[in-house]
Structure formats: structure tokens, C-alpha cells
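# Coordinates in review
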Amino acid sequence: MHPGYAITQVHLCRAPIDFRKSINGLSVLVGQELGFDPFGQALNVFINRQRTKSKVLYWHRNGFCLWMKGLEAEKFAWPRTGQEATGRVGRQELEWLLDGFDLWAHAPHKALHFSSVS
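Residues numbered from 1 in each chain as written. Predicted model: local features only at pLDDT ≥ 70, side-chain atom pairs only at ≥ 80, totals over all residues. Heavy atoms only, no water.

As a further point, take the overall build of the protein chain. Within the protein chain, the secondary structure is distributed over two helices and five strands. Counting the 118 residues in the protein chain, one finds 35% classified as buried. Roughly 8200 Å² of accessible area belongs to the protein chain as shown, and the carbon and sulfur atoms make up 50% of that amount. (Helix = DSSP H or I, 4+ residues; strand = E, 2+ residues; numbered from the N terminus. Buried < 20%, exposed > 50% of the residue type's maximum accessible area, 1.4 Å probe, protein only. Areas by Shrake-Rupley, 256 points an atom, 1.4 Å probe, with all protein chains shown as cover.)

Okay, here's the thing in C-alpha cells:
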């Protein structure tokens, strides 16, 4: 992202989008369909149907910034379609996702509950 940009949230649009959309179309999608402020301090991340390309849209001071990453041989891991149109991750998780890690394939360790110490 832009140096010095203060990210407060990262929104992942769960459903694939038409990748012909650019800044205007994506900003309308963020505001009207997803219900977020397109001028807020959030990264809005989109994926194509094949999960080989992603786009990130955000507002920086006086205009929108849009960047795209395309994979040559792999696919992005992406949250399954759920009841909500978006998922939220942190900045570090977004970096892992863009690096190819599947954040949803691995569950954390099971919580253990004991009644006494022996």
C-alpha cells in the first residue's frame, strides 16, 4: 500500500467480481452493495472467478488507489461464501493471503478444559 497509509480494516469481498470493473465500479460496489464507506481507511479486496487475480481498492487523501496482483500458476485461497458478503482480516493476514497462505485451511489448537490439576 501507499507508505504512511493508516489501515484500520481489510474487507474481503467473498463473491468473485467482474474484473472489468475499475475504480468507479468498485467504489460503487463498496458503498452500495457491501455497505462500507469507500472513502474510509480500509482496504477493499476483490477476487476474480478463477481466483488467479486480486484487486485492492482504497482511498488515499485525495483519490482512489487501485492495484492488482495476478498469479501465473497458482490460485488465491479465499473465504468460502457465507451469509455475510465480506470477511475481515488484519493487515498481516492480508499479506499472508497474497503470499499464498490458506488462512482457512488450518484451525488453531483445540482449547483444553480441566477440572483439576494433578
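For helix α1 (residues 23-33), the full list of buried residues reads Leu26, Ser27, Leu29 and Val30. Down the axis, α1 shows its buried residues gathered within 155 degrees of arc, on one side only. Seen from the buried face of α1, the exposed residues on the opposite side, beyond 90 degrees, are Asn24, Gln32 and Glu33. Residues of α1 that are buried in the fold lie against β2 (42-47), β3 (53-60) and β4 (63-70). Gly35, located one to two residues past α1, shows a positive phi value of around 80 degrees. (Arc of directions from axis to C-beta. Contact = heavy atoms within 4.5 Å.)

Within the secondary structure, Asn48 sits in the loop between β2 and β3. For Asn48, the side chain forms a polar contact with the side chain of Gln50, separated by 3.1 Å. Only 2.9 Å separates the side chain of Asn48 from the backbone nitrogen of Thr52, close enough to count as a polar contact. In contact with Asn48, other than residues within four places in its own chain, are Pro16, Ile17, Phe19 and Lys53. (Polar contact = N/O pair within 3.5 Å; in protein donor to acceptor, adjacent residues only side chain to side chain.)

In this section: the packing of aromatic side chains. One pass over the full model with this rule turns up three aromatic pairs. Summarising the aromatic geometry, the rings of Trp59 and Phe64 are spaced 4.9 Å apart at their centres and angled 80 degrees between planes, so their arrangement reads as edge-to-face. A cation sits over an aromatic face here: Lys55 above Phe19, 4.8 Å from the ring centre. (Phe/Tyr/Trp six-rings, centres within 6.5 Å; stacked < 30°, edge-to-face > 60°. Lys NZ or Arg CZ within 6 Å of the ring centre and 35° of its normal.)

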